[in-house]
Structure formats: structure tokens, C-alpha cells
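# Structural overview
Given next are the chains, with one letter for each unit.
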Amino acid sequence: MREPVPSLHDGGAVMQPKAETTCIDSTYNSVLPTFADVGDPVSDQARHEPEPCVSYDTTHPTTRTYFGLDGAYVFFNERLFSARLPPCLITLQRKNRAYGYFAGDRFGARDRTEIIDEIALNPSFFAACSIEDTLSTLVHEMVHLQQKHFGAPPRRGYHNREWAGMMRAVGLIPSASGEPGGKETGQRVSHYVEPGGRFAQACAELVDLRGDTVPYVELGSELERETRERKAASKTKYTCPACGANAWAKPGIALDCGACKQPMDVAPANRTSG
């Protein structure tokens, strides 16, 4: 954690910070002033020391969007994961029928000195979801990141019992249907928020602290939404719980996987797939 910016004095008079510039420390709960054009006299040591924090123009839409999501990652990392998770790259991706996904070792520095994971969120669902639901997707993917670095992750895309236990530990209940009673493991598993659980409490704290964590939502016409809903209602996606094979058919059809000979599960229409 960065140390707070010390007060600067010139002959006993406190020099005032510029109010329009803000800095956020690593705990995401302190707003600190910075100083510009402080003038002389300033000691040689102070003149050559690096800046104690990074300045952001939080009125810019891009900055506000990614600043909010990255700040939420830092906040939940401290509250729910004991600050153990390494930094990752958060992106916005429109992956079909998915709230978000996790991709380990997806990005690297040009000189290959650093390899980092990706957590992607789908902005197409921001408008339809509450802030709590959107942030629960972020934490869902953070659990995948936790398992990659501190557990035994299964094959790509599969959700095993270790992952399910990690989800419950942070206050998210795994469920293939997104509702109570859904299957907790498999190729496609979503979740629901445990009432009064660790995530619910931490999320309420974050929203109270900074309500604009997800400041923008995607706009679309009512006609476009109705068209998408009609298309979604005309067919249902089924997934084999054993091999992950997918099939589409009318709602209510009983399908068996040809390879595994097991009944295929109805996949939620919109879910986290990472």
C-alpha cells in the first residue's frame, strides 16, 4: 500500500493541492491530493523522488469504465481473497451468450518478461443486470484466476468441485441454472449470490463507497431487444454434462448425448461461461 502523500510546506505555509486531480491508492478507498508546480525551494531529494501515486482524468468515459472495474478487482481481492490474487488484464468482450470469461496467460509483455491473465466482461448485459450481478460475474472469474494460481484447475471451461468450493467461500453459489438447486459442476456453470454472504456484504460496501463502479451501459432499441427475445425463445441450447457437447432444439425436448449416452442439460440462456 502506498503511503499517504505528505503535506508540503514552504516557510511554514502549507501549499494547497490542485483539487481537480485525484489519485487512488491500492486499497481503492482513499482519495489523495497531488501537487503541481510547487516551485522552489524544494529539496533535491524531493525533486528526484518518484510520484507517490498515479493521476487519472476520471471524467473520461474510457478511464471511468476501466478505473471502476480495476478498482473493483482490487477491492474484492482484498475483501474476499486476502489480497493474494495477482494483477490481471480486465477487458470488455461481447462473447455470445456469456456474461464473461477467464483466460489464463492470455497476454504478455512485448519483451516476454511478463505473462498475465485476462478477465473479460460482456457489456451487452450491463443494462439488463444490476451492478451486483455484473460485479458477481467479475468475482466468478476471479475465482477461476484463484484456482489457476492456487489450486488444481481442470480442463478448459470445466467447473469442478474445487472451484465450486472456492465459489461458496466467497459467497457465490454455483448453479448451472443460475438458481437454487442447479448442478454445481460441469462444462457450463453460472451462479447466484448467497443472501447476506461475503460477496453480498462486500459488494454493498463497494457500491456505497463508489456507486459508479459500472458507469455506462449499452443502449439498444426496444425492437432489437424484442427480436433477440423471440429468437431466444424459439430454440433452447442443451449441453452434455460429461463431454460438453452442445445441441439446439425446441424447449422441453429430452435429448441424450450420442457419444456419452447421458441426458443433456438445458443451458441457461444468458450465463457466465468462463
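Residues numbered from 1 in each chain as written. Predicted model: local features only at pLDDT ≥ 70, side-chain atom pairs only at ≥ 80, totals over all residues. Heavy atoms only, no water.

### Section: the side chain of S175
Structurally, the position occupied by S175 is in strand 9 (residues 172–175). Here S177 takes part through its side chain, which lies 3.2 Å from a polar atom of the side chain of S175. Those residues in contact with S175 that lie beyond four places of it in its chain are G182, K183, V189, S190, H191 and Y192. (Helix = DSSP H or I, 4+ residues; strand = E, 2+ residues; numbered from the N terminus. Polar contact = N/O pair within 3.5 Å; in protein donor to acceptor, adjacent residues only side chain to side chain. Contact = heavy atoms within 4.5 Å.)

### Re the confidence of the model for the protein chain
Per-residue pLDDT for the protein chain averages 79, and the proportion of residues at 70 or more is 72%. Note that residues 1–43 has pLDDT below 50 and, in this model, 72 contacts with residues that lie over four places away or in other chains. (pLDDT = per-residue confidence, 0-100.)

### Some remarks on the environment of G151
Tracing the backbone through its elements, the reader meets G151 in the loop between helix 3 (131–150) and helix 4 (161–169). Note: C-alpha distance between G151 and M166 (15 residues apart in sequence) is 9.5 Å. With residues up to four places along the chain from it excluded, the contact list for G151 reads Q146, E162 and M166.

### A few points about unusual backbone geometry
Residues other than glycine seldom take positive phi values, yet D105 does so here, at roughly 55°. Within the element layout of this structure, D105 appears in strand 7 (residues 100–108). Here R112, not a glycine, exhibits a phi torsion of approximately 65°, which is positive. Position of R112 among the secondary structure elements: in the loop between strand 7 and strand 8 (115–121). The exposed category is assigned to R112, whose relative accessible area is 64%. (Buried < 20%, exposed > 50% of the residue type's maximum accessible area, 1.4 Å probe, protein only.)

### Quick word on the packing of aromatic side chains
Within this structure, the stated rule accounts for three aromatic pairs. Relative to F76, the ring of F75 has its centre 5.8 Å away and its plane inclined at 80°; by these criteria the two rings are edge-to-face. You can call F76 buried: its relative accessible area is 0%. Where Y99 meets F125, the ring centres are 4.8 Å apart and the plane angle is 70°; that geometry is what we call edge-to-face. Here Y99, found in the loop between strand 6 (89–92) and strand 7, pairs with F125, found in the loop between strand 8 and helix 3; they are 26 residues apart in sequence, far enough to count as distant. What makes Y99 partly exposed here is its relative accessible area of 22%. Under the relative-accessibility criterion, F125 is labelled buried at 14%. Through a chain of ring-to-ring contacts, the aromatic side chains of F75, F76 and F199 assemble into a single cluster. The side chain of R84 reaches across the aromatic face of F150, ending 3.8 Å from its centre. (Phe/Tyr/Trp six-rings, centres within 6.5 Å; stacked < 30°, edge-to-face > 60°. Lys NZ or Arg CZ within 6 Å of the ring centre and 35° of its normal.)

### As for the pattern of salt bridges
If you walk through the whole model with that rule in mind, you get eight salt bridges. Taking the shortest distance from any N to any O, the salt bridge between D117 and K148 comes out at 3.4 Å. Of this pair, D117 sits in strand 8 while K148 sits in helix 3, and the two are 31 residues apart along the sequence. Classification of K148 by relative accessible area gives partly exposed; the value is 26%. As a salt-bridge pair, R210 and D212 come within 4.0 Å of each other at their nearest N and O atoms. For R210, a relative accessible area of 21% translates into the label partly exposed. For D212, a relative accessible area of 33% puts it in the partly exposed group. In the salt-bridge network here, residues are joined through shared partners; they are R64, R210 and D212. (Salt bridge = Lys/Arg side-chain N within 4 Å of Asp/Glu carboxyl O.)

### Comments concerning the side chain of N77
Mapped onto the secondary structure, N77 falls in helix 2 (residues 61–81). Leaving out residues up to four positions away in the same chain, N77 has contacts with S82, A83, R84, L85 and M142.

### Some thoughts on empty space enclosed by the protein
Empty pockets left among the atoms are what a rolling probe the size of a water molecule brings to light. This model, assessed by the stated rule, comprises one cavity of 30 Å³ or more. Its volume calculated, the largest cavity comes out at about 110 Å³. Residue lining of the largest cavity: 14 residues in total, with A176, Q187, R188, T239 and D265 positioned closest to the centre. Within the lining of the largest cavity, the residues separate by chemical class into seven nonpolar, four polar and three charged. (1 Å grid on protein atoms, 1.4 Å probe; cavity = no way out; pocket = protein on both sides within 12 Å on 5 of 7 lines; lining within 4 Å. Points joined across faces, edges and corners; volume = space filled by probe spheres on them. Nonpolar A, V, L, I, M, F, W, Y, C, P; charged D, E, K, R; others polar.)

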